[in-house]
Amino acid sequence: MSSSHPGPPDHLDGPLEVDPADWEPRQVYFLMTGLVVPRPIAWVSTYGPDGVRNVAPHSYFNVVAHDPPHVVFSSSGQKDTLRNVRERGAFVVNIVTMDVVEAMNFTATDFPPDEDEFDWAQLTETPAMAVDAPRVGEARAHLECRLVEEVRAGNGHLVVGEVVHLHVDPSAWRDGRIDPVLLDPVCRLAGTRYATLGEVFQLPRPRWADVRGTAPGEAIPRR
């Protein structure tokens, strides 16, 4: 099926239909990152082969398993983070919260590989407990990871890591769990746009025991 427009229109008078092969990669990038929102940010810290400290944000990131816990982030192209993870087999995901958003954004600068981004961003290195990678001391939570697998997908290099140690600051903890409001994570949008967590609400998940016996479209009793 052909696309309804040869590129991003200024205005839409009807539905947009896109075959990604018809648009320039950067146009597809803005379309995808505008639709898949909000995204969490993996602020990945590593050591380079010569011990230079590196930290960079990656917003193609999520958790993929919990027993044992695994996370995945994607590097578009061959970046310093990817090379360091391959070399050392380890990395730390520092959770990005609103109090460190400016520092996170600064580390997105295209520094040469031999530049220490901890120094440039005035970040504090704290030692990891279980892996050969630095922590960002200013972050409220850390996921220490060992490299499990790298998967190529398009121009992305998916890095799968097993979380072998977690650290959470008391300021983000309440009633036996992470409190998302206290954590105050940064939400990645498209371009230079970010967002705060916003309103938090609860929506109980239905069970078949609640659904059976009702007709399609009928209100499900709340448990």
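So, here is what we can say about the structure in this document. Every value quoted in this text rests on a predicted model; they were computed, and no experiment measured them.

Rules of the game
Residues numbered from 1 in each chain as written. Predicted model: local features only at pLDDT ≥ 70, side-chain atom pairs only at ≥ 80, totals over all residues. Heavy atoms only, no water. Helix = DSSP H or I, 4+ residues; strand = E, 2+ residues; numbered from the N terminus. Buried < 20%, exposed > 50% of the residue type's maximum accessible area, 1.4 Å probe, protein only. Contact = heavy atoms within 4.5 Å. Pairing = 2+ DSSP bridges. Axes fitted to C-alpha atoms, helices over the stretch in contact; angles between N-to-C directions. Salt bridge = Lys/Arg side-chain N within 4 Å of Asp/Glu carboxyl O. Core = buried A, V, L, I, M, F, W, Y, C linked by side-chain atoms within 4.5 Å. Phe/Tyr/Trp six-rings, centres within 6.5 Å; stacked < 30°, edge-to-face > 60°.

**Things to note about the overall build of the protein chain**
Next, step 1: Per the secondary structure count, the protein chain includes 6 helices and 13 strands.
Next, step 2: In terms of its C-alpha atoms, the protein chain occupies a principal-axis envelope of roughly 65 × 50 × 30 Å.
Next, step 3: Within the protein chain, the proportion of its 223 residues that are buried is 35%.
Next, step 4: For the protein chain, the share of sequence-separated contacts (at least 6 apart) that also reach a separation of at least 24 residues comes to 54%.

**Some thoughts on the sheet that holds strand β1 (residues 42–47)**
Next, step 1: The 7 strands lie next to each other as β2-β1-β5-β8-β9-β4-β3, forming an open sheet whose pairing is antiparallel. In this open sheet, the two strands that pair with only one neighbour each are β2 (53–58) and β3 (61–66). Taking each pair of neighbouring strands and ignoring which way they run, the sheet shows an average axis angle of 35°.
Next, step 2: Sheet topology note: the β1/strand β5 (residues 90–95) ladder contains 4 bridges and is antiparallel. Bridging from a neighbouring strand, Val44 pairs with Val93 of β5.
Next, step 3: Packing of helix α2 (residues 80–88) onto the sheet brings it into contact with β1, β2, β4 (69–76), β5, β8 (141–153) and β9 (156–168), and relative to β1 it is tilted by some 55°.

**What to know about the pattern of salt bridges**
Next, step 1: Under the defined criterion, the tally for this structure stands at 10 salt bridges.
Next, step 2: Of the charged contacts, one joins Arg88 and Asp132 as a salt bridge, the two residues approaching to 2.8 Å between their closest N and O atoms. With Arg88 in helix α2 and Asp132 in the loop between β6 (125–127) and β7 (134–136), this residue pair connects regions lying 44 residues apart in the sequence.
Next, step 3: Note on Arg88: relative accessible area 29%, which makes it partly exposed.

**Some thoughts on the pairing of β2**
Next, step 1: The buried fraction of β2 is high, at 5 of 6 residues.
Next, step 2: Where β1 meets β2, 6 bridges bridge the pair, whose relative direction is antiparallel. Bridge pairing in β2 places Ala42 opposite His58.
Next, step 3: Hairpin connection between β1 and β2: a loop of 5 residues separates the two successive antiparallel strands, and Gly51 in this loop has a positive phi of roughly 90°.

**Structural notes on the nonpolar core**
Next, step 1: Counting residues in hydrophobic clusters, the biggest one holds 17 residues, and the most contacted among them are Phe73, Phe91, Val93, Leu143 and Cys145.
Next, step 2: Contributing elements (two or more residues each) for this core: β1, β4, α2, β5, β8 and β9.
Next, step 3: Core analysis: the second largest hydrophobic core is formed by 14 residues, Val96, Met104, Phe118 and Ala139 among them.

**Looking at α2**
Next, step 1: Turning to α2, its buried residues are Asp80, Thr81, Leu82, Asn84 and Val85.
Next, step 2: Looking at the buried residues of α2, the elements they touch are β1, β2, β4, β5, β8 and β9.
Next, step 3: Two residues or fewer past α2, Gly89 is found with a positive phi of approximately 75°.

**A few points about the packing of aromatic side chains**
Next, step 1: One pass over the full model with this rule turns up 4 aromatic pairs.
Next, step 2: The interplanar angle of 65° and the centroid separation of 5.2 Å between the aromatic rings of Tyr29 and Phe30 together place this pair among those described as edge-to-face.
Next, step 3: A centroid spacing of 5.5 Å and a plane angle of 35° characterise the contact between Phe111 and Trp120, whose relative ring orientation is tilted.
Next, step 4: Since its relative accessible area comes to 47%, Trp120 is described here as partly exposed.
Next, step 5: The structure contains a cluster of three or more aromatic residues connected by ring pairs, namely Phe106, Phe111 and Trp120.

**A look at unusual backbone geometry**
Next, step 1: Along the chain, Val37 connects to Pro38 via a cis peptide bond; the corresponding omega equals -15°.
Next, step 2: For Pro38, the location among the structural elements is in the loop between α1 (25–35) and β1.
Next, step 3: The amide bond that connects Asp67 to the next residue, Pro68, takes the cis arrangement and shows omega of -5°.
Next, step 4: Inspection of the secondary structure puts Pro68 in the loop between β3 and β4.
Next, step 5: The phi dihedral of Gln122 falls on the positive side, at around 55°, and the residue is not glycine.
Next, step 6: Phi is positive for Asp184, which is not a glycine, with a value near 60°.
Next, step 7: By secondary structure assignment, the location of Asp184 is in the loop between α5 (180–183) and β12 (187–188).

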